[in-house]
Amino acid sequence: MPVDVERHGAVTLARLDRPEALNALSPDLLDALEDALTDAVADPSVRAVVITGAGPKAFSAGADIAHMRTATPAEAQAFARRGHRLMNLIEGSGTPVLAAVNGYALGGGCELALACDVRIAAEGARIGLPEVTIGVLPGWGGTQRLPRLVGPGMAKEMILSGRHLMADEALAAGLVNRVVPADALMAQALELAGQIASRPAWQVATAKRLIDRAGGDAAAGLAAEIDAFALAFTTPDQREGMDAFFEKRPPRFAGH
Ligand code: CO8
């Protein structure tokens with residue numbers, strides 16, 4: 001299978017498993033990842049997902065260039081839509097998705113990481129959108145999601161030149177949340193995912209959706225936050241969280 005799925009408590013780990021091609025995103029790999037993520041986000045016992053790449057070199061070196069090389073414009077459009085559907089599944093689900101970037105995250109691999117909620121990079125990772133260097137441009141959301149993280153100036157520098165950022169530069173630009181030693185990457189990603197997974201699911205999913213609309217209509221976003229805050233008081237987890245605080249014990253969230 002081009003995607004290896006493991007369960008770690010309430011966390012699903014999906015590992016892109018095509019290391020001989022640096023986990024390049026072929027149609028088969030996209031299908032397998034979409035299947036794995038569809039199952040994960042539909043399963044209420046899965047409270048967070050981590051995506052990483054197999055092998056020491058790459059998270060993913062991008063869309064499969066062999067597949068695209070002789071594509072017609074209509075085929076390219078279909079492949080672009082195919083990738084967008086996957087990125088939208090990640091972004092639109094209430095389940096938090098973390099990218100553990102264990103090496104190259106280029107082109108579509110970078111765009112996959114951009115669609116995730118949190119990015120943790122291994123020292124030595126290289127991240128970029130080099131599509132212009134092979135005669136195309138980002139097609140799986142990079143022109144829209146990258147500027148939201150790093151601002152339009154840095155996004156233009158990266159996309160127009162195609163240059164890769166080293167992990168430390170990606171950290172300084174706000175493209176990744178943290179950089180960790182390669183041998184600590186999975187432990188740190190799973191630890192953070194586990195911490196998020198232990199929080200009440202509705203509150204986490206709702207906060208994710210609210211944050212994702214930041215940058216849009218500010219008044220509508222602020223109004224939605226007020227409504228969401230009020231709705232939290234309809235959940236057992238609000239009472240449990242506040243009772244546990246005063247009883248000086250860890251909360252036992254029901255998850256809804
Ligand atoms: N697609 C297919 N195969 C790839 C890809 C890829 N994106 N990247 C690497 N490979 C293959 C290589 O061909 C090679 O195969 P083989 O051993 O059979 O020759 C193998 O993986 C190992 O790669 P290298 O020998 O090149 O390894 P290096 O360590 O020398 O270089 C690099 C590593 C720098 C990562 C280099 O492989 C590279 O530049 N790869 C391509 C990076 C790139 O340009 N990515 C962007 C692709 S375009 C894209 O992602 C568009 C997304 C939107 C699509 C919209 C739909 C139309």
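Residues numbered from 1 in each chain as written. Predicted model: local features only at pLDDT ≥ 70, side-chain atom pairs only at ≥ 80, totals over all residues. Heavy atoms only, no water.

Things to note about the side chain of D237
With respect to the secondary-structure elements, D237 resides in helix α10 (residues 236-246). Of the buried charged residues, D237 lacks a salt bridge, with R47 as the closest side chain of opposite charge at 6.4 Å. A distance of 2.7 Å separates the side chain of D237 from the backbone nitrogen of A254, its partner in a polar contact. (Helix = DSSP H or I, 4+ residues; strand = E, 2+ residues; numbered from the N terminus. Buried < 20%, exposed > 50% of the residue type's maximum accessible area, 1.4 Å probe, protein only. Lys, Arg positive; Asp, Glu negative; His and termini not counted. Salt bridge = Lys/Arg side-chain N within 4 Å of Asp/Glu carboxyl O. Polar contact = N/O pair within 3.5 Å; in protein donor to acceptor, adjacent residues only side chain to side chain.)

Regarding the packing of aromatic side chains
Following the criterion strictly, the structure yields three aromatic pairs and no others. Residues F245 and F246 carry aromatic rings whose centres are separated by 5.0 Å and whose planes lie at 80° to one another, so their mutual orientation is edge-to-face. Residue class for F245 comes out exposed when judged on its relative accessible area of 59%. (Phe/Tyr/Trp six-rings, centres within 6.5 Å; stacked < 30°, edge-to-face > 60°.)

So, the domain arrangement of the protein
On domain assignment, one finds that the protein holds domain 1 (3-197) and domain 2 (201-247). Between the C-alpha centres of domain 1 and domain 2 the distance comes to 27 Å. Taken together, the contact pairs 10 residues of domain 1 with six residues of domain 2. Each partner contributes to the roughly 560 Å² buried at the junction of domain 1 and domain 2, and carbon and sulfur atoms together form 48% of this total. Seen at the junction of domain 1 and domain 2, the total is one salt bridge. Of the charged contacts, one joins K208 and D117 as a salt bridge, the two residues approaching to 2.9 Å between their closest N and O atoms. (Domains from an automatic or database assignment. Contact = heavy atoms within 4.5 Å. Buried area = accessible area lost by both parts, 1.4 Å probe.)

A closer look at the nonpolar core
With 46 residues, the main nonpolar core has I51, V101, L112, L146 and L175 as its most contacted residues. When contributions to this core are tallied by element, the ones reaching two or more residues are β2 (11-16), α1 (27-42), β3 (48-53), α3 (73-92), β5 (97-101), α4 (108-115), α5 (142-161) and α6 (167-173). Take this core: its biggest share by element is seven residues, from α1. In this structure, L146 is in contact with L114, L129, G141, G151, A155, M158, I159 and L175, ignoring residues within four places of it in sequence. (Core = buried A, V, L, I, M, F, W, Y, C linked by side-chain atoms within 4.5 Å.)

Digging into the state of the cysteines
Under the defined criterion, the tally for this structure stands at zero disulfides. This cysteine, C110, is not joined by any disulfide, and C116 carries the nearest cysteine sulfur, 11 Å off. What makes C110 buried here is its relative accessible area of 1%. (Disulfide = S-S within 2.5 Å.)

Topic: the pairing of β5
Consecutive side chains along a regular strand alternate between the two faces of the sheet. Burial analysis of β5 places five of its five residues in the buried class, which makes it a mostly covered element. Neither face of β5 is left uncovered, since the one carrying V97, A99 and V101 and the one carrying L98 and A100 both have all their residues buried. For β3 and β5, the ladder comprises three bridges, and the chain directions are parallel. When the bridges of β5 are listed, I51 appears paired with A99. (Pairing = 2+ DSSP bridges.)

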